Amino acid sequence: MKFYYFIVFLLFFFSSESQNQYDFILYDSGRLSVVKKDLNAGSISECAQKAYYILRARANYLLEMENPTVMDKTIDPPSGNKHDYLSISRYWWPDPQKDDGIPWIRKDGVTNPETQTDAVDRNRLGLMAEGVKYLSLAHFFTEDERYARKAIDILKTWFLAENTKMNPHLEYAQSVPGNPNGRRSGILDGRLIALVIPDAIIILRSSNYWTDSLENGMQEWLTEYLNWLVESDLGREGAKQVNNHGSWYRLHVAAIARFLGKRSVAENMIYQARESLEEQLDEKGRQIHEIGRTRSFFYSCFNLKPLLMLARIGDQLGVDLWQYESPNGKSLKLALAYLTPVIDGKEWPHPSIGENNLVHLIPVLHRFYILTDESHYAEMLDKSLNQLTDLNFPASEMHDLYEQCLLLGLPIKD
């Protein structure tokens, strides 16, 4: 099967700035507009059409969803205030050597299902972000005000309503039973806010239901949240991390700062990301802090994703991260080059629970291809997509692939 790279569809995170009304942070307004035009003209690809149907189906389902709120958790955070976000770190388990299991112990890569229940807020944060994302995109493509009204209602419930809002901090995110201290790694949970909320607001501003009061309320909440990220003790500790947590922290701050017009804060995160490459990579491009994980292939891809999104924001601000090389030759391209031999069947030489799924690598590889237009990335992407489409995947993973076809412009065929 041969894949042709007609990049006329939505590039979800990367590309040049567009000159229309949407000054997105991570979305690309030009490509969104092309997708919308092609949908209306009936000229969109079969895969993208299927992805669009999935998007609409999700949005229609979400119209009837009860708005998630931090007030619905059944475990109180240490503060005793349910408005404070609470989650429990997924790789921690009760200590079998202790009668009460306290303090919990870490089993890297092995998710404790008890940490993923609705007793805490993590699932609800994900549901809030999913709702706002799909409903706002559905509104963009259809201009149906039902989608905007529901997305706005979800935002009001989660961020603004006095009786249901989340306080703008993550002091109790990824907590561990028996450990009374806040954990800087918990900031990772909040990446969904940075990935979804700014661009959703930019879309929703075109709705008749968006008001000055909503705008001011969200600006105020995000400003307080950004201040916590950069000024709190946990935030300052989070900024020091040099693994994927540090990369996601820097994207987290940069995306929200860019949205709020705090250019110098966003620029600083790009420069910090450039400096971090020296500590994150070795001379072969191995991601030092990720290859020791039990899911090393996944985490190596997971770490590159925020770095590439930071490069996207860097393009907007005139700070190059794509071509940057550290004094010792460390670069994003070097990191990718270490991952790509698996496409040709080379064994991944590091711990990896489960299969090294190319689904994790394809979005990373595709962004390199789009931004550089180098033919060898196209060839590797072609090989990867061929391998994936020759396999049988669960419905949820196929939906993710279709979504990438629509949102990233991936030319996936059935």
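## Let's talk about the overall build of the chain
Here comes step 1: Counting its regular elements, the chain contains 14 helices and four strands.
Here comes step 2: When the 414 residues of the chain are sorted by exposure, 58% land in the buried category.
Here comes step 3: Long-range pairs, those at least 24 residues apart, make up 72% of the contacts in the chain between residues at least 6 apart in sequence.
Here comes step 4: Element-wise, carbon and sulfur atoms account for 48% of the exposed surface of the chain, whose accessible area totals about 17,400 Å².

## Structural notes on the pattern of salt bridges
In a structure, side chains of opposite charge can pair up when their charged atoms sit close to one another.
Here comes step 1: On inspection of all chains with the given rule, the structure shows 12 salt bridges.
Here comes step 2: What emerges from the salt-bridge pattern is a single network uniting Lys73, Asp121 and Arg124.

## Some words on the nonpolar core
Here comes step 1: Within the largest apolar cluster, 119 residues are counted, with the highest numbers of intra-cluster contacts made by Phe159, Ile197, Leu310, Ile313, Leu332 and Leu361.
Here comes step 2: Of all the elements, helix H10 (residues 296-317) adds the most residues to this core, at 13 residues.
Here comes step 3: If you look at the next biggest cluster of nonpolar residues, it comprises six residues, including Leu86, Trp92, Val120 and Val176.

## Observations regarding the packing of aromatic side chains
What characterises a pair of aromatic rings is the spacing of the ring centres plus the angle enclosed by the ring planes.
Here comes step 1: For the structure shown, the criterion picks out 14 aromatic pairs.
Here comes step 2: One aromatic cluster is present, built from ring pairs that chain together Tyr52, Tyr53, Phe140 and Phe141.
Here comes step 3: The ring of Phe298 carries Arg295 above its face, with NZ or CZ at 4.2 Å from the centroid.

## Quick notes on unusual backbone geometry
Here comes step 1: In this model, Glu143 sits at a positive phi of 60 degrees, which is unusual for a non-glycine residue.
Here comes step 2: What makes Glu143 exposed here is its relative accessible area of 55%.
Here comes step 3: The backbone phi angle of Gln174 is positive, close to 50 degrees, even though this residue is not glycine.
Here comes step 4: As for its placement among the helices and strands, Gln174 is situated in strand E4 (residues 172-175).
Here comes step 5: On the basis of relative accessibility, which here comes to 7%, the residue Gln174 falls in the buried class.

## Overview of the packing of H10 against helix H12 (residues 362-372)
Here comes step 1: Viewed as axis vectors pointing N to C, H10 and H12 meet at an angle of 25 degrees, and their least axial separation amounts to 10 Å. As judged from the angle between their axes, H10 and H12 are roughly parallel. Crossing of H10 against H12: the hand is left-handed. Of the residues in H12, those touching H10 at Cys301, Leu304, Lys305, Leu308 and Asp315 are Val364, Arg367, Phe368 and Leu371.
Here comes step 2: Of the residues in the contact of H10 with H12, the class split is six nonpolar, no polar and three charged.

## Some thoughts on the confidence of the model for the chain
Here comes step 1: Looking at the chain, pLDDT values average 86 and 87% of them are 70 or higher.
Here comes step 2: The model gives residues 1-20 a pLDDT under 50, and that stretch makes 86 contacts with residues more than four places away or in other chains.

Reading the values: rules and limits
- Residues numbered from 1 in each chain as written.
- Predicted model: local features only at pLDDT ≥ 70, side-chain atom pairs only at ≥ 80, totals over all residues.
- Heavy atoms only, no water.
- Helix = DSSP H or I, 4+ residues; strand = E, 2+ residues; numbered from the N terminus.
- Buried < 20%, exposed > 50% of the residue type's maximum accessible area, 1.4 Å probe, protein only.
- Contact = heavy atoms within 4.5 Å.
- Areas by Shrake-Rupley, 256 points an atom, 1.4 Å probe, with all protein chains shown as cover.
- Salt bridge = Lys/Arg side-chain N within 4 Å of Asp/Glu carboxyl O.
- Core = buried A, V, L, I, M, F, W, Y, C linked by side-chain atoms within 4.5 Å.
- Phe/Tyr/Trp six-rings, centres within 6.5 Å; stacked < 30°, edge-to-face > 60°.
- Lys NZ or Arg CZ within 6 Å of the ring centre and 35° of its normal.
- Axes fitted to C-alpha atoms, helices over the stretch in contact; angles between N-to-C directions.
- Parallel < 35°, antiparallel > 145°, perpendicular 65-115°, else oblique.
- Left-handed = near helix turned anticlockwise from the far one by under 90°.
- Nonpolar A, V, L, I, M, F, W, Y, C, P; charged D, E, K, R; others polar.
- pLDDT = per-residue confidence, 0-100.

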